[in-house]
Amino acid sequence: MRLQKTARDLAVRVFHRTVHLTLHSSLLGVRSFFTTGENFRKALRGPTERYKRIMNLKPKKMGIIGGSMLAFGIVFCSIFFPPFLRSQVKKQVRLKDGSEMRDLWSNFPFPLDFKVYLFNVTNPVEITAGEKPIVKEVGPFFYDEYKQKVDLVDREEDDSVEYNIKTTWYYNPSRSNGLTGEEEIYFPHIVILTMVKTTLKEQPGALGILNKAVDSIFKKPSTVFIRAKVKEILFEGLPIDCTVKDFAGTAVCTVLKENDDSFVPDGEGRYLFSIFGKQNGTIAPQRIRVLRGIKNYKDLGRVIEFDGKPALTIWAGDKCNTFNGTDSTIFPPLIQEGDDIVSFSPDVCRSLAAQFAHKNKVKGVNTYHYTANFGDMSTNPDEKCFCPAPDECLTKNLMDLSKCLGAPLIGSLPHLLWTEEKYHKMVDGLHPNEEEHIIDMDFEPLTATPIIAHKRLQFNMFVQKVEKFKLMKNLPECLFPLFWVEEGILLEDQLVNKVKMVFKTITVVGFLKWLTIVGGTCSCIASGALIFLNKEKGKMDVTKVTPQSQSAKDDDQKKWPNQITISTIQSAAVPPNLDAN
């Protein structure tokens, strides 16, 4: 009987000690309890003052505390907080006038990275004679690009805002790898090639007049390639002299003046042509209207109007003319894995979709990595409407931009990445690789923040032999690479930290959830156990008393000191010092 009671009491003490350890780790986990094995061994040694205090806790009070912790972990951390966080994200990203996001979206405080790479023609004389072109990439010429949305007008009736874009470039020599823009290269004269190709397509009988006009305006060039400084080609401009008086020159200049959007005036009858000079520091005339996402967060940034029209009109079908996606500067939050990222790009007059590739991590932020390309209008029925003509479709990853830009340019990925091999064989000096030449971006999926992005586009031109134009009568047929640009961003640490704050909050709440659920569960279990044990204490064991003779009683009384009485009724719990006997 005594052995059973001793074993039971030992089990009770072990259980109490286990409860003590569980509560201690859940409610006082900041202690160094589990830091070392030595501490753990110490905690398992005999009863301590903390153990005694826990034993003295009121079970009901402990149960209330445990239940409250459990309810907090389940109700707030698991049920209430996730939808609350999503609702706050939806609220914060809206383009509401006066909000922080609206200010950031309309006037981004940091510059975008804008890199330009040009293809220097190393054998211009030989190409004129019919040999295969050899090019060499020169770059990057690095610019800080600032994009501002100006003249904003809100329309409450359809929850939209419209604006114009102002783009400004500043040369950044410190990031241009020693390049200054003073470098001279041989480069195809885009104006001459454009005039020849346009005349060949619309009025081939006028090629003779064009020959004379080119000699007059451009001072009798010997080739369609011009030697010029990079900064002249990109921004400062190449001269066009329309002060000429001959018939041919005057006729061509009249046409040029009608399309002076690409030329910068340089005195009476003189113009300068450059790739970006006309757009630098100026406001684009086309207005863009997008939804603000106040009524429906999924519509955030979605383009509904461009240049005053609800759809484009330059392509052959409604699918290609429809505005799909955002303006590429903001995206709806709560991106799901596998969702496409779609945006409308005025640069190519079409919408492009980026496909989910894999999960990634950038600057300590978990992201979804996306890539994009130009598709294949020759095989994809949905892209047939991008074909220049029903029977003249370009092949994969080529895009005809003549209707969009007003010049016979062909868009592609840099170095003709992912295009047909035949185009690579037409020109020497192209070295495509995915790492440097794809369109890619990384989004933080909860807030749809682009942590890093690279939008890349190469401009090319088809050239061929034109027998009636003397500068091109022996030119080989090829897709000639001109230059390519990369517009990119790596989000500044200041903004990345704001994104990280969201996830620090999520991490803290996640920790609290498990701490309170585990701690609350342990407290409830401990409370129940203490209630059970207290009931056990209320029970009494009655020891059978054997009658003794009067002499035996007298002997027993002589053995004990005065004032000591031994009761035959004892508690179920035996003190530790008695258990040892």
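By convention here, each chain's residues receive numbers from 1 onward along its written sequence. For this predicted model, a pLDDT threshold of at least 70 governs which residues receive local features, and a threshold of 80 or more governs which side-chain atom pairs are given and counted, while totals over whole chains, interfaces and linings are taken from all residues. Each side-chain value is worked out from all heavy atoms of the structure, with water and hydrogens disregarded.

1. Focus: the overall build of the protein
Part 1 of the argument: Secondary structure assignment for the protein yields 17 helices and 21 strands.
Part 2 of the argument: In the protein, which comprises 581 residues, the proportion classed as buried is 44%.
Part 3 of the argument: When contacts within the protein are restricted to residue pairs at least 6 apart in sequence, long-range pairs at least 24 apart make up 65% of them.
Part 4 of the argument: Per-residue and other accessible areas were derived by the Shrake-Rupley procedure at a 1.4 Å probe size, with only the shown protein chains allowed to occlude residues. Within the structure as shown, the protein displays about 31500 Å² of accessible surface, and the carbon and sulfur contribution to it stands at 56%. The helix and strand labels rest on DSSP assignments: H or I over at least four residues marks a helix, E over at least two residues marks a strand, and numbering proceeds from the N terminus. When accessible area is computed with a 1.4 Å probe and restricted to protein chains, residues below 20% of their type maximum are described as buried, those above 50% as exposed, and intermediate ones as partly exposed. Pairs of residues are marked as contacts when any of their non-hydrogen atoms sit within 4.5 Å.

2. Quick look at the sheet that holds strand β8 (residues 270-273)
Part 1 of the argument: A pair of strands is treated as paired once DSSP finds two or more bridges between them. Strand order in the open sheet formed by three strands is β6-β8-β7, and the pairing between neighbours is antiparallel. Among the strands making up the open sheet, the edge pair consists of β6 (238-241) and β7 (263-265). Each adjacent strand pair in this sheet contributes to an overall mean axis angle of 35°, direction not counted.
Part 2 of the argument: Where β6 and β8 come together, four bridges link them in antiparallel fashion. Within the sheet, the bridge partner assigned to P239 lies in β8 and is L272. Helix axes are fitted to C-alpha atoms over the stretch in contact, other axes to C-alpha atoms as well, and angles between N-to-C directions run from 0 to 180 degrees.

3. A closer look at unusual backbone geometry
Part 1 of the argument: Geometrically, the link from G139 to P140 is a cis peptide bond, its omega value of 5° lying close to zero.
Part 2 of the argument: When you line up the elements, P140 lands in strand β2 (residues 135-155).
Part 3 of the argument: In this structure, D159 is a non-glycine residue whose phi angle is positive, near 55°.
Part 4 of the argument: By the secondary structure assignment, D159 is in the loop between β2 and β3 (160-171).
Part 5 of the argument: At C349, a position not held by glycine, the phi torsion is positive, near 55°.

4. Things to note about the pattern of salt bridges
Pairing between side chains of opposite charge can happen when their charged atoms approach one another.
Part 1 of the argument: What makes a salt bridge here is a side-chain nitrogen of Lys or Arg within 4 Å of a carboxyl oxygen of Asp or Glu, nothing more. Evaluated as defined, the whole model comprises 29 salt bridges.
Part 2 of the argument: Residue K319 is joined to D382 by a salt bridge in which the shortest nitrogen-to-oxygen separation is 2.7 Å. Of this pair, K319 sits in helix α11 (residues 318-321) while D382 sits in the loop between β14 (365-372) and β15 (398-400), and the two are 63 residues apart along the sequence.
Part 3 of the argument: Each of the salt bridges in this network shares a partner with another, and the network as a whole consists of R102, D154, E156, D159 and R292.

5. Observations concerning the state of the cysteines
Part 1 of the argument: Any cysteine sulfur atom paired with another within 2.5 Å is treated as part of a disulfide. Applying the stated criterion to the full structure yields four disulfides.
Part 2 of the argument: Covalently, C242 is tied to C253 through a disulfide, its sulfur atoms 2.1 Å apart. The disulfide joining C242 to C253 has a torsion of about -90° about its S-S bond and is therefore left-handed. One end of the pair, C242, is in the loop between β6 and α10 (247-258); the other, C253, is in helix α10, and eleven residues separate them in sequence.
Part 3 of the argument: Across a sulfur-sulfur distance of 1.8 Å, C320 and C385 are joined as a disulfide pair.

6. Things to note about the confidence of the model for the protein
Part 1 of the argument: The pLDDT score gives, residue by residue, the confidence of the prediction method on a 0 to 100 scale. When pLDDT is averaged along the protein, the result is 82; 74% of the residues meet or exceed 70.
Part 2 of the argument: Contacts for the low-pLDDT stretch residues 1-48, under 50 throughout, to residues beyond four places or in other chains number 59 contacts.
Part 3 of the argument: A low-confidence stretch, residues 557-581 (pLDDT under 50), is modelled with 22 contacts involving residues beyond four sequence positions or located in other chains.

7. Description of the environment of T199
Part 1 of the argument: By the element assignment, T199 lies in helix α7 (residues 190-202).
Part 2 of the argument: Its relative accessible area of 17% is what places T199 among the buried residues.
Part 3 of the argument: On a C-alpha basis, the gap between T199 and L210 in space is 8.1 Å, while along the polypeptide they are eleven residues apart.
Part 4 of the argument: Those residues within four positions of T199 in sequence are excluded, and the remaining contacts are P204, A206, L207 and L210.

8. Describing the packing of α7 against helix α8 (residues 207-217)
Part 1 of the argument: Where α7 meets α8, the closest approach of the two axes is 10 Å, and the angle between their N-to-C directions is 165°. The orientation of α7 relative to α8 falls into the category roughly antiparallel. The crossing of α7 and α8 is right-handed. Contact residues: α7 offers I192, M195, V196, T199 and L200, while α8 offers L207, L210 and V214.
Part 2 of the argument: Asp, Glu, Lys and Arg are counted as charged, while Ala, Val, Leu, Ile, Met, Phe, Trp, Tyr, Cys and Pro are counted as nonpolar; the rest, among them Gly, fall into the polar class. Of the residues contributing to the contact of α7 with α8, the split by class is seven nonpolar, one polar and no charged. An angle below 35 degrees is treated as roughly parallel, one above 145 as roughly antiparallel, one from 65 to 115 as roughly perpendicular, and anything else as oblique. Rotating anticlockwise by less than a right angle from the far helix to the near helix defines a left-handed crossing, while the corresponding clockwise rotation defines a right-handed one.

9. Comments concerning the nonpolar core
Part 1 of the argument: Ranked by size, the top nonpolar core spans 132 residues in total, and within it L118, L234, I240, F276, F469 and F483 carry the most contacts.
Part 2 of the argument: Element by element, the count of residues in this core is highest for strand β19 (residues 478-490), at eight residues.
Part 3 of the argument: Those residues in contact with I240 that lie beyond four places of it in its chain are V191, I217, F218, L256, F263, G269, R270, Y271 and F273. The set of buried Ala, Val, Leu, Ile, Met, Phe, Trp, Tyr and Cys residues whose side-chain atoms join them within 4.5 Å is what this entry labels a nonpolar core.

10. Comments concerning the packing of aromatic side chains
Part 1 of the argument: The pairing test for Phe, Tyr and Trp rings, Trp by its six-membered ring, is centres within 6.5 Å, and the orientation test on the planes gives stacked under 30 degrees, edge-to-face over 60, and tilted for anything in between. Scanning the model with the defined rule gives 24 aromatic pairs in all.
Part 2 of the argument: Note on F108 and F110: the rings are 6.0 Å apart at their centroids and 70° apart in plane angle, and the pair reads as edge-to-face.
Part 3 of the argument: Overall, the relative accessible area of 18% leaves F110 in the buried class.
Part 4 of the argument: Measuring from centroid to centroid gives 5.5 Å for F114 and F276, while their planes differ by 85°, and the two rings are edge-to-face. You can see F114 sitting in strand β1 (residues 112-121) and its partner F276 sitting in the loop between β8 and β9 (282-283), a full 162 residues away along the chain.

11. Focus: the packing of α8 against α10
Each packed pair of helices is defined by two parameters, the angle between the axes and the distance between the axes.
Part 1 of the argument: The contact between α8 and α10 brings their axes to 8 Å, and the two run at 90°. By the criterion of interaxial angle, the relationship of α8 to α10 is roughly perpendicular. Packed against α8, whose contacting residues are I209, L210, K212, A213, S216 and I217, the element α10 presents F247, A248, G249, V252 and C253 at the interface.
Part 2 of the argument: Residues of the contact of α8 with α10, tallied by class, amount to eight nonpolar, two polar and one charged.

12. With respect to α10
Part 1 of the argument: Any helix carries an expected span of 1.5 Å times its number of residues minus one. Over its twelve residues, α10 runs 17 Å from end to end, which matches the ideal 16 Å to within 8%, given 1.5 Å per residue.
Part 2 of the argument: If you check which residues of α10 are buried, you get A248, G249, V252, C253 and L256. Projected down its long axis, α10 shows its buried positions confined to an angular sector of 120°, all on one face. Residues of α10 that are exposed and point over 90 degrees away from its buried face: F247 and E258. Along the arc lie the directions from the helix axis toward the C-beta atoms.

13. Considerations on the side chain of S412
Part 1 of the argument: Mapped onto the fold, S412 is located in strand β16 (residues 410-412).
Part 2 of the argument: When its relative accessible area of 0% is taken as the criterion, S412 is described as buried.
Part 3 of the argument: Excluding residues within four positions of it along the chain, S412 makes contact with F374, N397, L398, L457, Q458 and N460.

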